[in-house]
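The chain contents come next:
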Amino acid sequence: MTGFLGAGKTTLLNHILKADHGYKIAVIVNEFGEVGIDNELIVESGEEIIEMNNGCICCTVRSDLVDIMKSLLHRKFAETPTPVEYDRIVVETTGLADPGPVIQTFLAEPLISNFFKIDAVITVVDAKHAEHHLDNGHEAKEQVAFADVILLNKIDLVEKEDIARLESRLKKMNSHARLTHTHQSLIDLDQILGVNTFDLDHKLEVDPHFLEEHHHHHHDDDIFSIVLTETRPLDLDKVNKFINDWLVEHSADTYRYKGILNVQKTNKRVVFQGVHMIFGVDTDREWNVDEDRTSRIVVIGKDLDEDWFRARFSECAVADGSV
Ligand SMILES: Nc1nc2c(ncn2[C@@H]2O[C@H](COP(=O)(O)OP(=O)(O)OP(=O)(O)O)[C@@H](O)[C@H]2O)c(=O)[nH]1
């Protein structure tokens, strides 16, 4: 499962985990940024969820992916203290991952290619922001080009003629993939699980060299993440002001942001996330008694003004530190 930052991958994953499809699914999630927030946003499902937060699945931690797959194999078939049952594995890549090297990892390692089959490369496309991302970087293009199934998501945010223009652009980039329009990544799971549409010849047409061992993916250095933390409770009015100023001054450079905030006068966690100008703030569960209530925001973007974010976030703390 791939797709640019904020396209709707975790939303799709949650849809898969909540649905009544009868499969046991193991999930591997790779997140961009040093602090994992996705794990907090994935629904409780009792399925095995393995996080990879130490780097990008398509380059620096490809060997970790191999180790995780081998360990899943071992835990299914050998007698181990931590057995796990699954019939399928869903891998959610980061929004900046190039799918080619990830696919290559599955095919190049004999133990993995003997026991696992790639069912489909599913690419979620953000109908609102895709044109900007396709125009400004190579990752979004690769993700579309390598897809077997494309979810053209967030159709609620765009006009019909914009969807038609984007759809025709996507079809020109990849005529092989099946394309479906979605809202909140809601798709009939028969269209994405057990579809057996992975086509190696198609991938080789996209990139004749992608199976070569030395293939190396280079991320644009100007896209990076910063993590903001604050141990003091936050004042909601100040947070609102911070977010307003952020959207006015920095929405173009902030590709994706997610945060879990400890706001004064509420015992619930405040979850804040967005993509460029489109953002949402909501409360979710209550903080657990022993839980560390440090507020954390991960911001991923282009040439981020780190000093501005740090200074402004620290001003959101309540003046006297009261809860
Ligand atoms: N309006 C609208 N918002 C959506 C839709 N699908 C997802 N979202 C929202 O878009 C934001 C990003 O969704 P995620 O599912 O977290 O995206 P993602 O691809 O996992 O993001 P990263 O893992 O950070 O790359 C969230 O706030 C979602 O609630 C949709 O169809 N319409």
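Basis of the calculations
Residues numbered from 1 in each chain as written. Predicted model: local features only at pLDDT ≥ 70, side-chain atom pairs only at ≥ 80, totals over all residues. Heavy atoms only, no water. Helix = DSSP H or I, 4+ residues; strand = E, 2+ residues; numbered from the N terminus. Buried < 20%, exposed > 50% of the residue type's maximum accessible area, 1.4 Å probe, protein only. Lys, Arg positive; Asp, Glu negative; His and termini not counted. Salt bridge = Lys/Arg side-chain N within 4 Å of Asp/Glu carboxyl O. Contact = heavy atoms within 4.5 Å. Domains from an automatic or database assignment. Pairing = 2+ DSSP bridges. Axes fitted to C-alpha atoms, helices over the stretch in contact; angles between N-to-C directions. Core = buried A, V, L, I, M, F, W, Y, C linked by side-chain atoms within 4.5 Å. Near = heavy atom within 4 Å. Polar contact = N/O pair within 3.5 Å; in protein donor to acceptor, adjacent residues only side chain to side chain. Areas by Shrake-Rupley, 256 points an atom, 1.4 Å probe, with all protein chains shown as cover. Nonpolar A, V, L, I, M, F, W, Y, C, P; charged D, E, K, R; others polar. Phe/Tyr/Trp six-rings, centres within 6.5 Å; stacked < 30°, edge-to-face > 60°. 1 Å grid on protein atoms, 1.4 Å probe; cavity = no way out; pocket = protein on both sides within 12 Å on 5 of 7 lines; lining within 4 Å. Points joined across faces, edges and corners; volume = space filled by probe spheres on them.

Taking an unreviewed UniProt entry as the reference, the protein chain is identified by name as Cobalamin biosynthesis protein CobW belonging to Paenibacillus jamilae.

Would you mind going over the side chain of Lys9 with me for this structure?
Inspection of the secondary structure puts Lys9 in helix 1 (residues 9-18). Of the buried charged residues, Lys9 lacks a salt bridge, with Glu92 as the closest side chain of opposite charge at 5.0 Å. Beyond its immediate stretch of four places on either side in the chain, Lys9 contacts Met1, Thr2, Gly3, Phe4, Glu92, Thr93, Thr94, Gly95 and Val124.

Sorry if this is basic, but what is going on with the domain arrangement of the protein chain here?
When the parts of a complex come together, some accessible area is lost, and that lost area is often used as the size of the interface. Split by domain assignment, the protein chain resolves into domain 1 (9-206) and domain 2 (223-314). Distance between the C-alpha centres of domain 1 and domain 2: 26 Å.

Is there a simple way to think about the sheet that holds strand 4 (residues 122-126) in this case?
The strands making up a sheet associate through backbone hydrogen bonding, with each pair oriented either parallel or antiparallel. On the basis of which strands lie adjacent, the open sheet formed by 3 strands has the order 4-5-6 and parallel pairing. If you trace the sheet from one side to the other, it starts and ends with strand 4 and strand 6 (178-181), each paired once. Neighbour-to-neighbour, the strand axes of this sheet turn through a mean angle of 20°, independent of strand direction. One ladder, built from 4 bridges, connects strand 5 (residues 149-153) with strand 6; its direction is parallel. When the bridges of strand 6 are listed, Leu151 appears paired with Thr180.

Sorry if this is basic, but what is going on with the nonpolar core here?
Side chains that are nonpolar tend, in soluble globular proteins, to be buried together. Counting residues in each nonpolar core, the largest one holds 27 residues, and the members touching the most others are Ile28, Met52, Ile57, Leu65, Leu72, Ile103 and Phe106. In terms of residues, this core owes the most to one element, helix 3 (residues 62-77), which gives 5 residues. Ignoring anything within four residues of it in the chain, the contact list for Ile103 reads Ile118, Val121, Phe146, Phe198, Lys203 and Phe210. In this structure, Val125, Ala130, Leu134 and Leu166 belong to the second largest nonpolar core, which totals 23 residues.

Help me understand the site of the ligand in this model?
Close to the ligand lie 18 residues, the nearest being Lys9, Thr10, Thr11, Gln184 and Arg256. Between the ligand and Asn153, the relevant distance is 3.1 Å, taken from a nitrogen atom to a side-chain nitrogen or oxygen of the residue. A distance of 2.9 Å is found between an oxygen atom of the ligand and a side-chain nitrogen or oxygen belonging to Lys258. Protein coverage of the free-state accessible area of the ligand, which is 660 Å², stands at 86%. Residue assignment for the shell around the ligand shows that the elements contributing at least two residues are helix 1 and strand 8 (254-261). Among the elements that make up the shell around the ligand, the one with the highest residue count is helix 1 (3 residues). Taken together, the residues of the shell around the ligand break down into 3 nonpolar, 8 polar and 7 charged. When residues of the shell around the ligand are sorted by domain, at least three fall in each of domain 1 (9-206) and domain 2 (223-314).

Can you walk me through the sheet that holds strand 2 (residues 49-52) in this structure?
Within the open sheet, the 3 strands sit side by side as 2-1-3. Their pairing is parallel. Both edges of this open sheet fall to strand 2 and strand 3 (88-92), since each of them pairs with a single strand only. Within the sheet, the average angular offset between the axes of one strand and its neighbour, ignoring direction, is 15°. Pairing geometry for strand 1 (residues 25-30) and strand 2, over 4 bridges, is parallel. Bridge pairing links Asn30 to Met52 in strand 2.

Which parts of the structure should I look at to understand the packing of aromatic side chains?
The geometry of an aromatic ring pair is captured by the separation of the ring centres together with the interplanar angle, meaning the angle of the planes. This model, assessed by the stated rule, comprises 11 aromatic pairs. Seen from their ring centres, Phe4 and Tyr255 are 5.9 Å apart, and the 55° between their planes marks the pair as tilted. Of the two residues, Phe4 is situated in the segment before helix 1 and Tyr255 in strand 8; the sequence distance between them amounts to 251 residues. The pair formed by Phe4 and Tyr255 is uniform in burial state, with each residue classed as buried. With a centroid separation of 5.8 Å and 40° between ring planes, the pair formed by Phe242 and Phe313 is classed as tilted.

Looking at this model, I keep getting lost on empty space enclosed by the protein. Mind explaining?
Vacant regions in the atomic arrangement are exposed by a probe of water-molecule size rolled over the atoms. Taken as a whole, this structure holds 2 cavities of 30 Å³ or more when the rule is applied. Secondary-structure elements contributing two or more residues to the lining of the largest cavity are strand 4, helix 6 (130-136) and helix 7 (139-145). When residues of the lining of the largest cavity are assigned to their parent elements, the largest contribution, 4 residues, is made by strand 4. Broken down by class, the residue content of the lining of the largest cavity amounts to 9 nonpolar, 4 polar and 1 charged. Counted as a void, the second largest cavity has a volume near 40 Å³. Around the second largest cavity, the lining residues are Phe4, His132, His133, Asn136, Gly137, Glu139, Ile223 and Tyr255. The biggest single contributor to the lining of the second largest cavity is helix 6, with 3 residues. The residue makeup of the lining of the second largest cavity, split by class, is 3 nonpolar, 4 polar and 1 charged.

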